Amino acid sequence: MATLGLNIDHIATIRQARGGKEPDPIAAAILGEIAGALGITAHLREDRRHIQDRDIRLLKEIVTTHLNLEMACTTEMVAIALDIVPGMVTLVPEKREEKTTEGGLAVQELEKELSPRIAKLRKQGIPVSTFIAPNIEQIKASARVGATHVELHTGYYSNVTTEKARDGELAALREMAQAASKLGLRVNAGHGLDYRNVAPVARIEHVEELNIGHSIMGRAALVGIDRAVRDMIALIA
Ligand code: PXP
């Protein structure tokens, strides 16, 4: 059965909106683990728009499942990962203007750059995952550059509007999970998964972990409003 890796970036986004201390993504990680998440994911972006260096340091201390550090494969980020030694590094493409990670990592095109950096991370005992489109060339390239895992990008599947297209994307995910596993890569998946579309992906053979953030934090905000409003009214009264 696939497990849930909870992405806590959006709690940090709310905190950064005011530049203060709350809400703290560390608290979100603890609550997420208490609720049953078996991994915590945080993306330290180059522009530090949500997760901060301090968050990663503290997460490394307090996460009791495993910490998945999402990052661009830059010199700066590799140095941070080598210092922190998270449970896993997931390499993602990063563009400053994007709202979230938009496409998969072009592993095939970046092989020369990625290989030595992945080797450094692996030497430190850190498993390395590449976040890629469900594409056979990217899977083969991920194996060549020394990744231990791939995270299949489910954004294409999540964005389709017809059943036929959805079935096509699901078939591609199934086929690519199989292909990755055959090459000795472990398989995770994520992006755009929500309460309506997650089940078929969770059933895909070889998929071990689903990384989900936006839909869970969005629902948390809504289902939490009743309690939060009542707590404030009680204090006002
Ligand atoms: N996996 C990766 C590599 C991501 O970049 C993201 C978004 O930060 C996710 C999973 C989670 O996506 P979502 O927030 O849409 O659930």
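(A) Quick peek at the pairing of strand β3 (residues 67-71). Extensive coverage of β3 is indicated by the burial of five of its five residues. The alternating pattern of β3 places L67, L69 and M71 and N68 and E70 on opposite faces, both of which are buried. When strand β2 (residues 39-43) meets β3, the two strands line up parallel, connected through four bridges. If you follow H43 over to β3, its bridge partner there is E70. The parallel pair β2 and β3 is bridged by helix α3 (residues 53-62), and the resulting crossover is right-handed. Where β3 and strand β4 (residues 88-91) come together, four bridges link them in parallel fashion. Counterpart to M71 in the pairing with β4 is L91. This β-α-β element, β3 to helix α4 (residues 75-84) to β4, shows right-handed connectivity.

(B) Molecular detail of the pattern of salt bridges. Per the stated rule, a full pass over the model turns up 11 salt bridges. Measuring nitrogen to oxygen at the nearest pair gives 2.6 Å for the salt bridge that ties R15 to D55. Taken together, the residues R15 in helix α1 (residues 9-18) and D55 in helix α3 connect sequence positions 40 residues apart. Among the ionic pairs, R49 bridges to D47, the shortest N-O distance being 3.2 Å. By relative accessible area, which is 26% here, R49 ends up partly exposed. The structure contains a network of salt bridges with shared partners spanning R15, D24, R54 and D55.

(C) Spatial organisation of the side chain of E70. By the secondary structure assignment, E70 is in strand β3. Summary of buried charges: E70 has no salt-bridge partner, and the nearest side chain of opposite charge, R45, is 6.6 Å away. Beyond its immediate stretch of four places on either side in the chain, E70 contacts N7, T41, A42, H43, L44, T90, V92 and T101.

(D) Representation of the packing of α4 against helix α5 (residues 111-123). Packing of α4 against α5 leaves a shortest axis separation of 10 Å and a crossing angle of 10°. Looking at the two axes, α4 sits roughly parallel to α5. Residues T75, V78, A81 and L82 of α4 form the contact with α5, whose own contacting residues are R117, K120 and L121. Considered class by class, the residues forming the contact of α4 with α5 number four nonpolar, one polar and two charged.

(E) Up close: α1. Taken together, the buried positions of α1 are D9, I11, A12 and R15. Here the buried residues of α1 occupy an arc of 155° about the axis, which is enough to place them on one side. In this structure, α1 carries I14, A17 and R18 as exposed residues pointing more than 90 degrees from its buried face. The first or second residue beyond α1 is G19, which carries a positive phi of 70°.

(F) Representation of the site of the ligand in the model. Around the ligand sit 15 residues, and of these E70, E151, G192, G213 and H214 come closest. Side-chain polar atom of E151 to a nitrogen atom of the ligand: 2.5 Å apart, as the coordinates give it. For the ligand, an oxygen atom lies 2.8 Å from a polar atom in the backbone of G213. Out of a free accessible area of 390 Å², the ligand has 94% covered by protein chains. Taken together, the residues of the shell around the ligand break down into three nonpolar, nine polar and three charged.

(G) Fine view of the sheet that holds strand β5 (residues 128-132). Overall, parallel pairing links the eight strands, which are arranged β1-β2-β3-β4-β5-β6-β7-β8 in a closed barrel. Neighbouring strand axes in the sheet, compared pairwise and without regard to direction, differ in orientation by 25° on average. Bridge count for β4 against β5 is three bridges, and the pairing is parallel. Looking across to β5, one finds that T90 is bridged to S129. Lying over the sheet, α3 contacts β2 and β3, oriented at roughly 160° with respect to β3.

(H) Looking closely at the pairing of strand β1 (residues 3-7). Of the pairings in the sheet, the one linking β1 to strand β8 (residues 207-212) comprises four bridges and is parallel in character. Residue pairing across strands places L4 opposite L210, the latter belonging to β8. Where β1 and β2 come together, three bridges link them in parallel fashion. The partner of L6 across the bridge, within β2, is I40.

Rules of the game
Residues numbered from 1 in each chain as written. Predicted model: local features only at pLDDT ≥ 70, side-chain atom pairs only at ≥ 80, totals over all residues. Heavy atoms only, no water. Buried < 20%, exposed > 50% of the residue type's maximum accessible area, 1.4 Å probe, protein only. Helix = DSSP H or I, 4+ residues; strand = E, 2+ residues; numbered from the N terminus. Pairing = 2+ DSSP bridges. Right-handed = clockwise from strand over helix to strand, strands pointing away. Salt bridge = Lys/Arg side-chain N within 4 Å of Asp/Glu carboxyl O. Lys, Arg positive; Asp, Glu negative; His and termini not counted. Contact = heavy atoms within 4.5 Å. Axes fitted to C-alpha atoms, helices over the stretch in contact; angles between N-to-C directions. Parallel < 35°, antiparallel > 145°, perpendicular 65-115°, else oblique. Nonpolar A, V, L, I, M, F, W, Y, C, P; charged D, E, K, R; others polar. Arc of directions from axis to C-beta. Near = heavy atom within 4 Å. Polar contact = N/O pair within 3.5 Å; in protein donor to acceptor, adjacent residues only side chain to side chain. Areas by Shrake-Rupley, 256 points an atom, 1.4 Å probe, with all protein chains shown as cover.

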